[in-house]
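Understanding the architecture of this molecule
One letter stands for each residue in the lines below.
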Amino acid sequence: MEPLFYDPGNARFRALIGVGGIGTGVFFELNGNHTLGREESRGGRFLDQRDYCKLHIIAHYVQTLLGPAFITVPIGYVGQDAPGERLLQEMKSAGFDMGYVSALPNEQTLFSTCFIYPDGSGGNLTTEDSANAKVGPAEVKKAEKVLKRFMGSGIALAAPEVSLETRRELLVSATAHDLFRAASLITEEMLDPSASDILSRVDLLAINLEEAAALAGFRMDEAGQSEIVEKAVMEAMRHKPDIWVTVTAGKNGSWGWDGERMWRFSAIPVEVTNTAGAGDAFFGGILAGLATGLSLGYAQELGRLVAAMAVTSPHTIHPGIDRTSLASFVDSQVIDLSHEVRQLLR
């Protein structure tokens, strides 16, 4: 893998320490577009698509884009089973520091079955009693010496698919050790009373439009996209006045608030194979850009590029994204890039 141009001696950040989902899954395409009935048996087929969870996806792009000079430390568990063994090997191969990820005996790896109708809609069935559910504040405390090691030069990533309590513990520790704090919250969590405490400890909040609407107190059909984003930013700033916010909206592009300016990017038109994981790829690209020293706006531009290439893969992690493939992708799509981002691909 060819990393972006990244000089750890002059970089803004040298490491990422994160909590969130570590798991895998399968995609099953149903026959027929009518909604699956409660007692119905329906035929279909498994698709050649691999699914991954949020911490793994985001951190994968950060690590593979920045290369071995950057240190990525996930905190979590997998089960002592075949999916867990495969995930551990894949994460090691990507270059992660695996000192705080282990396989729990007699537990199953977080696993999802994504069912898809022929029209592209669908849903997920996800295990709740997985090894990943055992990741709590105690696991974060065990890794505190890593946060201390990268005081002032690290990113703390609090991603969904672990409890809000666990994410809060990471953010509290990151605050004590002066790390840059990045997080996301899913729609349902925006209404949780403890979400306010989370938001008050975040430097960068990365969410999608539906999550932004929940934060803003809107239904999706109550307001236009820009109004939803603006209200969500205002609500986030009510919790932390200097917070940065990015919002993705699929084919409708993305917004980014850096405390002074609202950045707006359209989506890059590509032939889409699978949109699952695109928002996490976007988030990973942003964090990689910030680590190199890019401002939020230019980092968002890099995130947009990574997400556009990610959706051309059937898997929720595109296994081929690196500096060389991104540069080729830019040339093949005739994408207009800023000088700042193009320099990273040289």
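Please refer to the structure placed before this passage.
So, a few notes on the structure that sits alongside this text. (Residues numbered from 1 in each chain as written. Predicted model: local features only at pLDDT ≥ 70, side-chain atom pairs only at ≥ 80, totals over all residues. Heavy atoms only, no water.)

1. Some words on the packing of helix 9 (residues 278-292) against helix 10 (residues 296-310)
Their axes nearest at 7 Å, the elements helix 9 and helix 10 cross at an angle of 140°. The angle between the axes of helix 9 and helix 10 places the two elements in the oblique class. The crossing of helix 9 and helix 10 is right-handed. Between helix 9 and helix 10, the contacting residues are Ala 278, Ala 281, Phe 282, Gly 285, Ile 286, Ala 288, Gly 289 and Leu 290 on the first element and Leu 296, Ala 299, Gln 300, Leu 302, Gly 303, Arg 304, Val 306, Ala 307 and Ala 310 on the second. Among the residues making up the contact of helix 9 with helix 10, the classes are represented as twelve nonpolar, four polar and one charged. (Axes fitted to C-alpha atoms, helices over the stretch in contact; angles between N-to-C directions. Helix = DSSP H or I, 4+ residues; strand = E, 2+ residues; numbered from the N terminus. Parallel < 35°, antiparallel > 145°, perpendicular 65-115°, else oblique. Left-handed = near helix turned anticlockwise from the far one by under 90°. Contact = heavy atoms within 4.5 Å. Nonpolar A, V, L, I, M, F, W, Y, C, P; charged D, E, K, R; others polar.)

2. Section: the sheet that holds strand 14 (residues 254-257)
Spatially, the eight strands line up as an open sheet ordered 5-1-10-11-12-13-14-15, and their pairing is mixed. Edge positions in the sheet fall to strand 5 (71-74) and strand 15 (262-265), since each of these pairs with one other strand and no more. Pairwise comparison of adjacent strand axes, ignoring direction, gives a mean angle of 15° for this sheet. With respect to the sheet, helix 8 (residues 225-239) is in contact with strand 13 (244-248), strand 14 and strand 15, its orientation differing from that of strand 14 by roughly 30°. (Pairing = 2+ DSSP bridges.)

3. Considering the side chain of Ser 173
Considering the arrangement of structural elements, one finds Ser 173 in helix 5 (residues 164-176). Residues contacting Ser 173, with those up to four places away along its chain left out, are Glu 144 and Leu 147.

4. A look at the packing of aromatic side chains
Centre distance and the angle of the planes are the two values used to describe a pair of aromatic rings. Applying the stated criterion across every chain yields a total of seven aromatic pairs. With centroids separated by 5.9 Å and ring planes inclined at 55°, the aromatic side chains of Phe 180 and Trp 244 adopt a geometry described as tilted. Of this pair, Phe 180 sits in strand 11 (residues 180-183) while Trp 244 is found in strand 13, placing the two residues 64 residues apart along the sequence. Assessed through its relative accessible area of 18%, Trp 244 is described here as buried. Taking NZ or CZ as reference, Arg 264 lies 3.9 Å from the ring centre of Trp 255, over its face. (Phe/Tyr/Trp six-rings, centres within 6.5 Å; stacked < 30°, edge-to-face > 60°. Buried < 20%, exposed > 50% of the residue type's maximum accessible area, 1.4 Å probe, protein only. Lys NZ or Arg CZ within 6 Å of the ring centre and 35° of its normal.)

5. Points about helix 1 (residues 54-66)
Taking 1.5 Å of rise per residue, 13 residues should cover 18 Å, and helix 1 covers 19 Å from first to last C-alpha, within 8% of that figure. Helix 1 sits mainly inside the fold: twelve of its 13 residues count as buried. Those residues of helix 1 lying buried are Leu 55, His 56, Ile 57, Ile 58, Ala 59, His 60, Tyr 61, Val 62, Gln 63, Thr 64, Leu 65 and Leu 66. Gly 67 sits one or two positions beyond helix 1 and adopts a positive phi of about 85°. (Expected span 1.5 Å × (residues − 1).)

6. Some points on helix 8
Taking 1.5 Å per residue, 15 residues should reach 21 Å; helix 8 reaches 22 Å between its end C-alpha atoms and fits that length. Restricting attention to buried positions, one finds in helix 8 the residues Ile 228, Val 229, Ala 232, Val 233, Glu 235, Ala 236 and His 239. Down the axis of helix 8, the buried set is contained in an arc of 165°. They therefore lie on one face. Relative to its buried face, helix 8 has exposed residues pointing more than 90 degrees away, namely Met 234 and Arg 238. At its buried positions, helix 8 is contacted by helix 6 (195-199), helix 7 (209-216), strand 13, strand 14 and strand 15. (Arc of directions from axis to C-beta.)

7. What to know about the environment of Arg 323
As for its position among the elements, Arg 323 is in helix 11 (residues 323-333). For Arg 323 and Ala 212, which are 111 residues apart along the polypeptide, the C-alpha to C-alpha distance reads 31 Å. Leave out the neighbours within four places in its chain, and Arg 323 touches Glu 2, Pro 3, Leu 4, Phe 5, Leu 344, Leu 345 and Arg 346.

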